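Listed below, chain by chain, are the residues.
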Amino acid sequence: MTTEKRFFFSPWADKVSEWKPGKMTLLLLFLILAALQIGLSVYPSIRSEAAIRSGQEYKFKTEAYDPADPFRGRYLQFRLDTTTVKNRLEIDESRGAGRQICYLTIGKTPEGIAYFDEALPKPPADGADYIKARYQYGNYDLPMEQYFVDEAIAPAAERAFFDHPNDCYILMRVQRGTAVVTGMYVGDLLIDQVDF
Amino acid sequence: MTEEKHLQWLNRQMQTWQSQGLVDPATLARLQAYYRLRAQDTKRMPVLSFALVIIGTVLVLLGAILILAKNWSSMPRLLRVFCSLVPLLTGIGLGLYTILREKGQLWREISALVVSIGLLTAMAITGQVYHVISDPAHLFLGTALLSLPLVYLFSADLTALVYLVLVSIYLAVAAIQQSLSLGGILLAGILLIGALKPWLVLQLHQGKLQGQTLWLNLALGLTGLVWFFSMLPYWVPWQEFLYLYFLGLILADAYYYADPQDSQLGSWPLSQEGSEHHTLSLLGKLSLYFLIYIFSFRGLWLYQAQSSLRPFTYGILFVLFAGMALLIYMLYKQKKLQQPDLMESAVSGVLPVVKWFLPLLPPVLMLLLQLMPDRDTASLLAVICFNLLFFGIGLRMLLRGINQNHLGTANLGLFFLVLIIGTRFLDMDFSFLVRGLVFVALGLGFLFTNLWMVRKSREKAEENPAEPIDPAAPKGGASL
């Protein structure tokens, strides 16, 4: 048998305890919550789909290796080159703020290979494509560093990257700051479809 | 007919009684409250059945996560997005079924749990499908915030636990990534942990947080600890704050759960044992023992001596000291907190206000030692104090365990003694000569104490040959 204890908040708690939502109220609150949950879960997919359909395509040179994630499975870890970035951030090191959110603009070489051009404190005003990143004491942490693949092909894909270190690319679609990796290639072959 | 339907029928009958003037509204309210409480009691499923259902649900959810993690890259992208939503949609479906069919607590727990895990899965798999991983801290924070309303709507204990785990991960990741400032982590901890507080208070008020749900308190204490540690890189006087945090757990346990009739509850670490079911207090006590052991190392104090305190820290500490002293005073007055017996014997006859302040003595001592200009001497004094304190705790526990014939307490005391003696024997921060002299002095002290006790016991026996032997007398020294 439970026993009821009295505290200084008990009179207030008495009043709240008396409020018991009816079935319809509970249903309404739950439906609102469920809509919010579904909406916020689907929203990143909608933005990504929009970027895939109407975003500008960029081809970045990269290399990769093969770790695993307990939730999302096997992936190829890749690192995009940020040594080309011209830092335009106004970092006040005296405040110990060696890290901040930044916006990387994207340029293209005459050969059509994309690279990160400038790091800006705000999104570019001219509407140019950019990627949101985190500046950390001289390094740039990008949101795209993993290419998830079927567990059956991950080890072979890694070997393919080691065998062709200078011929690996990722394709990325970018639209208003939303970036989606649409494919990872060894030469002209999409890594998911390579027959190992 | 189920219990809930019985209750509905009874409620309808009660409305009729009131309309017929058979009962007055006050009596009706009391009757309703009584049957509501009874229904809550009887609704509890057998623990084993409840555990099996929960374990089964968790296994199914983990299996679903692994199946999705396999990455079905041959499937169309949008189909994979839909698959990632299946656990969430299932949970929402279960929730709707639970509400519409007015199912009991088990259904509420399961549907809320499935929704929480479904949210985590959906957000994680979206990153997999589009190969873009946003800040991991946001993944856990987002899931936690979207799960929290379920705790309130369904009064779901397990979802509250999931929420605390997610918040802990978020705070830890934010600290590792240093993505938040000290103020940010402080505020995030207060808001996120505090968001569960009204629900906990209500549960407590309704007498639901008893027995099997006390693990939630343990989770709450640990989440607070993660929060604390996530702020450590920014803080200099972490010793005082950590001590106060653990002391706060003990005081909170005493405040909420101690019964003045029960002499073992809400006690100070050096006092009575046997209150293991008070999870908050147990966590606080064990952590304090560990903390005092850590403080017995000289290297830590020498390292700490290189840093200095910021002025505003004094203000924060002063407010915390004052608040805790007030709470301790209040708990003593309500007989919810016991005096540490080792310390009590040391200050018996002294002003009561000194007694009330005793639990705060170690952090105040730490602060004073940190402020001493001669850091080398301060570190030595600190080490002596905390070694003696830890040694005293072990000795007191051992003696009490023997006196009360409580093997667990005696063994824990013995373990503490062996630990501190062994540690100092191997401690390279002190010279061999100093350690040797201290060990010899301690050993002689024990031997002479024992000799004195044996002689006194003999004298007493000669003076009163008919008097039976006191069973509560210390037995440790009788063999010499």
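For the structure, see preceding data.
Right, let's walk through the structure included here.

Calculation criteria
- Residues numbered from 1 in each chain as written.
- Chains lettered and ligands numbered in written order.
- Predicted model: local features only at pLDDT ≥ 70, side-chain atom pairs only at ≥ 80, totals over all residues.
- Heavy atoms only, no water.
- Helix = DSSP H or I, 4+ residues; strand = E, 2+ residues; numbered from the N terminus.
- Expected span 1.5 Å × (residues − 1).
- Bend = angle between axes of the 7 residues up to and from the residue.
- Buried < 20%, exposed > 50% of the residue type's maximum accessible area, 1.4 Å probe, protein only.
- Pairing = 2+ DSSP bridges.
- Phe/Tyr/Trp six-rings, centres within 6.5 Å; stacked < 30°, edge-to-face > 60°.
- Contact = heavy atoms within 4.5 Å.
- Buried area = accessible area lost by both parts, 1.4 Å probe.
- Salt bridge = Lys/Arg side-chain N within 4 Å of Asp/Glu carboxyl O.
- Polar contact = N/O pair within 3.5 Å; in protein donor to acceptor, adjacent residues only side chain to side chain.
- Nonpolar A, V, L, I, M, F, W, Y, C, P; charged D, E, K, R; others polar.

**A closer look at helix 4 (residues 77-100) of chain B**
Residues and elements named next belong to chain B. Between its terminal C-alpha atoms helix 4 stretches 34 Å, which fits the 34 Å expected from 24 residues at 1.5 Å a residue. Remark: the principal bend of helix 4, roughly 40 degrees, maps to Val-86, with a proline, Pro-87, within the next four residues. Along helix 4, the positions that sit buried rather than exposed are Arg-80, Val-81, Ser-84, Leu-85, Pro-87, Leu-88, Gly-91, Ile-92, Gly-95, Thr-98 and Ile-99. Directly after helix 4, the chain includes Glu-102, whose backbone phi takes a positive value near 50 degrees.

**Let's talk about the sheet that holds strand 7 (residues 114-120) of chain A**
All names here are of chain A. Strand order in the open sheet formed by 5 strands is 5-7-6-8-9, with mixed pairing between adjacent strands. Each edge of the sheet is formed by a strand with only one pairing partner; in this case those strands are strand 5 (86-87) and strand 9 (139-141). As paired strands, strand 6 (residues 99-108) and strand 8 (residues 130-136) are joined by 7 bridges and run antiparallel to one another. Paired with Gln-100 across the two strands is Tyr-135, which belongs to strand 8.

**A short note on the packing of aromatic side chains**
Aromatic ring pairs are defined here through the distance separating the ring centres and the angle between the ring planes. Residues and elements named next belong to chain B. Scanning all chains against the criterion turns up 15 aromatic pairs over all chains. Each ring, one from Phe-228 and one from Phe-229, has its centre 6.2 Å from the other, and the planes form 90 degrees; the classification is edge-to-face. What links up through ring pairs into an aromatic cluster is the set Tyr-289, Tyr-293, Phe-297, Phe-390, Phe-415 and Phe-416.

**Concerning the interface of chain B and chain A**
Of the residues lining the interface, 58 residues belong to chain B; the matching set on chain A comes to 57 residues. Here chain B packs against chain A, burying approximately 5,200 Å² in sum over the two surfaces, 64% of which is carbon and sulfur. Scanning the region where chain B abuts chain A turns up 2 salt bridges. Glu49(A) serves as the salt-bridge partner of Arg77(B), at 2.8 Å between the closest nitrogen and oxygen. Where chain B meets chain A, there are 6 residue pairs in polar contact (both at pLDDT 80 or more). Secondary-structure elements contributing two or more residues to the side of chain B that touches chain A are helix 2 (25-43), helix 3 (47-69), helix 4, helix 5 (105-130), helix 6 (136-154), helix 9 (197-205) and helix 11 (238-257) of chain B. Of the residues in the side of chain B that touches chain A, the class split is 37 nonpolar, 13 polar and 8 charged.

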